[in-house]
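Tertiary structure, described
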Amino acid sequence: MGNCIQNVSARASLVARGDTWIESDAIQQLIKTSELSGVIRAVGMPDLHPGRGYPIGAAFLSEGYIYPALVGNDIGCGMAVWSTDLAVHKIKLDKLEKQLGNIDQPLGDDWQEMVRKRQQDKQVMPGVFDSALGTIGGGNHFAELQMVDEVYMPEQLAAVNLSVKHLCLLVHSGSRGLGEQILRQHVDKYSHKGLDVGSDAFHEYVERHNHALRFAELNREFIARRLLSNLKTRGEMVLDVNHNLVEPYSLGSGWVHRKGATPAEQGMVMIPGSRGDYSYLVQARPSDTSLCSLAHGTGRKWIRSGCKARLSCKYTVEQMKRTELGGRVICGSRELMYEEAPQAYKSIDNVISAMSEAGLIDIVARFRPVLTYKTRGTQG
DNA sequence: ATGTAC
């Protein structure tokens with residue numbers, strides 16, 4: 001127990017336990033970013049880790065300026081949870097693995113009518129990045145079938161229509177090439193400087209950013225619809241929460257930048273561990289000390305470039321397709337197999353207990369990974 | 001992170 005929110009500088013604080021592993025480089029990035037012009041406060045979450053210039057797993061409150069470069073290229077990246085009608089007791093992993101199919105290619109002609117309809121519903125403009133809709137992308141993005149492992153608040157679990165009897169589907173992806181294009185075009189024109197709130201450039205960015213949020217939500221929706229269709233089951237979206245964005249601060253004035261930080265004002269959220277670890281459905285408690293934010297996952301422990309050397313001598317790719325919790329992994333990319341290995345990530349239990357002890361969450365249920373989809377890669 | 005840039 002004890003105080004899990006501590007100041008690390010005049011404007012920066014950290015949600016972590018004494019035994020939460022956080023690299024000093026990440027804390028230095030947090031402090032440096034908190035000193036940008038107009039930034040008032042920065043809060044690192046327990047999954048804080050170093051990024052390119054700015055740390056990942058943090059929220060930043062600014063006044064007078066916003067920083068598009070701080071949101072990054074994957075505008076609207078987030079977590080969606082869908083229910084399914086797949087009975088847990090009927091699971092056959094070999095069959096499930098085959099049935100899940102391949103969703104690496106653009107959606108086919110048979111999907112286009114629904115794509116047009118959902119684009120209209122969500123005011124997502126058709127464009128060159130439509131071919132990315134319904135695809136996961138790379139890096140830490142994934143889709144995962146999970147089962148309930150432990151229930152702490154049954155009535156809350158029932159409130160989102162999830163049950164111990166059926167698998168659920170977690171989708172982590174973002175705005176793909178669209179968000180990347182928005183950031184690149186923005187940086188080409190304005191560099192990494194802050195934008196004056198109210199300026200033409202500000203309005204232009206916010207409009208494109210908000211469109212990318214809707215595109216990212218639609219992408220996660222089609223990833224889920226496509227997998228449910230392959231599995232010949234039905235399901236509904238029960239949660240969809242963005243963790244890369246900038247928006248007006250709900251608990252005060254200014255703008256909050258979420259760089260891999262889950263909002264705490266939308267009720268329940270899913271916080272996943274690595275593919276070999278649990279995910280937690282939690283009820284968020286809005287709190288100003290945390291800038292109304294939570295961790296978005298568990299955070300890297302190893303840099304991507306170091307993973308293969310550490311793991312390839314110890315494990316074959318075939319061995320890595322099975323995880324300690326009994327899950328399976330579909331990942332045709334050798335590089336990704338190593339880069340996203342459970343060993344490369346921190347323990348989710350520590351991240352969750354840090355937030356719990358800081359009074360930021362109540363734990364609803366724990367989920368166990370069953371089948372993780374990354375990419376079929378070249379192996380069909 | 002990215003129908004990447006090297």
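Numbers given to residues run from 1 along each chain, matching the order in which its sequence is written. Numbering of ligands from 1 and lettering of chains from A proceed in the order in which they are written. For this predicted model, a pLDDT threshold of at least 70 governs which residues receive local features, and a threshold of 80 or more governs which side-chain atom pairs are given and counted, while totals over whole chains, interfaces and linings are taken from all residues. Hydrogen atoms and water are omitted, and side-chain values are computed over all heavy atoms in the structure.

What follows deals with the protein's contact with DNA strand B. Taken together, N73, V128, F129, G137, G138, G139, N140, H141, R176, G177, E180 and R304 form the complete shell of residues around DNA strand B. Put simply, 71% of the atoms of DNA strand B that lie within 4 Å of the protein are in sugar or phosphate. R304 places a side-chain nitrogen or oxygen 3.1 Å from a phosphate oxygen of DNA strand B. Secondary structure elements are defined from DSSP: runs of H or I of at least 4 residues count as helices, runs of E of at least 2 residues count as strands, and each element is numbered from the N terminus. For the surface near DNA strand B, the leading source of residues is helix 6 (residues 176-190), giving 3 residues. Amino acid classes used here: Ala, Val, Leu, Ile, Met, Phe, Trp, Tyr, Cys and Pro are nonpolar; Asp, Glu, Lys and Arg are charged; the rest, including Gly, are polar. Across the surface near DNA strand B, the residue classes tally to 2 nonpolar, 7 polar and 3 charged. To be near a molecule or strand, a residue needs just one of its heavy atoms within 4 Å of it. In the analysis that follows, any N or O atom pair within 3.5 Å is treated as a polar contact, provided that within protein one partner can donate a hydrogen and the other can accept it, and provided that, for residues neighboring in sequence, both atoms belong to side chains.

Along the chain, Q29 falls in helix 1 (residues 24-34). To sort residues, take the accessible area from a 1.4 Å probe on protein chains only and compare it with the maximum for the residue type: under 20% means buried, over 50% means exposed, and anything in between is partly exposed. The exposure class assigned to Q29 is buried, which follows from its relative accessible area of 15%. Side-chain polar atoms of Q29 contact the backbone oxygen of G51, separated by 2.8 Å. The contact definition used throughout considers only heavy atoms, calling two residues in contact when any of these lie within 4.5 Å. Apart from residues no more than four positions distant in its own chain, Q29 is found in contact with H49, P50, G51, G53, Y54 and P55.

Note on geometry: axes are lines fitted to C-alpha atoms, helical ones only across the stretch in contact, with angles between N-to-C directions running from 0 to 180 degrees. Taken N-terminus to C-terminus, the directions of helix 4 (residues 112-122) and helix 7 (residues 200-230) make an angle of 145°; their axes are 11 Å apart at the nearest point. In terms of crossing hand, the pair formed by helix 4 and helix 7 is right-handed. Counted together, M114, V115, R118, Q119 and K122 of helix 4 and R214, E217, L218, E221, F222 and R225 of helix 7 form the full contact between these two elements. Partitioned by chemical class, the residues of the contact of helix 4 with helix 7 number 4 nonpolar, 1 polar and 6 charged. Handedness of a helix crossing follows the sense of rotation of the near helix relative to the far helix, less than a right angle counterclockwise being left-handed and clockwise being right-handed.

Here a salt bridge means any side-chain nitrogen of Lys or Arg lying within 4 Å of a carboxyl oxygen belonging to Asp or Glu. Considering all chains together, one arrives at 24 salt bridges under this definition. Here E221 and R118 are joined by a salt bridge, their closest N and O atoms 2.6 Å apart. Of this pair, E221 sits in helix 7 while R118 is found in helix 4, placing the two residues 103 residues apart along the sequence. By the burial criterion, E221 is buried, and R118 matches it. Ionic pairing is found between R258 and E265, a salt bridge with its closest N-O pair at 3.0 Å. When its relative accessible area of 31% is taken as the criterion, E265 is described as partly exposed.

What follows is about the UniProt feature "active site" (unreviewed entry) in chain A. UniProt positions are given in the numbering used here, feature names are shortened, and annotations may be inferred rather than shown by experiment. Mapped onto the present numbering, the UniProt feature "active site" (unreviewed entry) falls at H296. Note on placement: H296 falls in the loop between strand 16 (293-295) and helix 8 (304-311). Beyond its immediate sequence surroundings of up to four residues, H296 is in contact with D47, I56, G57, M79, H243, G260, A261, T262, I271 and P272. Here the side chain of H296 touches D47 through a polar contact of 2.6 Å, side chain to side chain.

With that settled, consider the side chain of N242. By the element assignment, N242 lies in strand 10 (residues 237-242). Polar side-chain contacts of N242 include one of 3.0 Å to the side chain of E217. Ignoring sequence-local partners within four residues, the contact set of N242 consists of G76, C77, G78, L213, E217, R220, A261 and P263.

A word on the state of the cysteines. In this description, a disulfide is simply a cysteine sulfur pair whose atoms lie within 2.5 Å. This structure, assessed with the given rule, holds 0 disulfides. Free of any disulfide, C292 has its nearest neighbouring cysteine sulfur in C4, separated by 18 Å. Left without a disulfide partner, C307 is nearest to the cysteine sulfur of C313, which lies 12 Å away.

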